[in-house]
Amino acid sequence: GLINSAVSFSVQLVFPWELENIGNAGTFFIYGSFAVIGLVFMMRVLPETRGKSLEELEHLLVRDRDVRS
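Residues numbered from 1 in each chain as written. Predicted model: local features only at pLDDT ≥ 70, side-chain atom pairs only at ≥ 80, totals over all residues. Heavy atoms only, no water.

Caption draft 1: Spatial organisation of a nonpolar patch on the surface. A cluster of nonpolar side chains, Leu39, Phe41, Met42, Met43, Val45 and Leu46, forms an exposed patch at the surface whose accessible area comes to about 610 Å². Here valine 45 lies in helix 2 (residues 24-45). Overall, valine 45 belongs to the partly exposed group, its relative accessible area being 47%. (Patch = residues over 30% accessible without salt bridge, like charges linked within 9 Å, V, L, I, M, F, W, Y side chains within 5 Å. Areas by Shrake-Rupley, 256 points an atom, 1.4 Å probe, with all protein chains shown as cover. Salt bridge = Lys/Arg side-chain N within 4 Å of Asp/Glu carboxyl O. Helix = DSSP H or I, 4+ residues; strand = E, 2+ residues; numbered from the N terminus. Buried < 20%, exposed > 50% of the residue type's maximum accessible area, 1.4 Å probe, protein only.)

Caption draft 2: Highlighting the side chain of threonine 27. Inspection of the secondary structure assignment puts threonine 27 in helix 2. In this structure threonine 27 comes out as buried when scored by relative accessible area, which is 0%. Here glutamate 18 takes part through its backbone oxygen, which lies 3.2 Å from a polar atom of the side chain of threonine 27. Beyond its immediate sequence surroundings of up to four residues, threonine 27 is in contact with Phe15, Glu18, Leu19 and Ile22. (Polar contact = N/O pair within 3.5 Å; in protein donor to acceptor, adjacent residues only side chain to side chain. Contact = heavy atoms within 4.5 Å.)

Put into structure tokens, the structure is as follows:
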């Protein structure tokens, strides 16, 4: 929650300056780029959890952590 609030505050603080100095297209291109980066991160790094039980998720996540160590 703290990180979400900090990012929201930062966006609200910087957004008017960006519109004035970068323009509408540049400002929304920046925010759109962050959205695409987040989507790629989510699709590549985060595991799919739909239809799996808690036990299956625990096994998957613990197995991944043991492999990385």
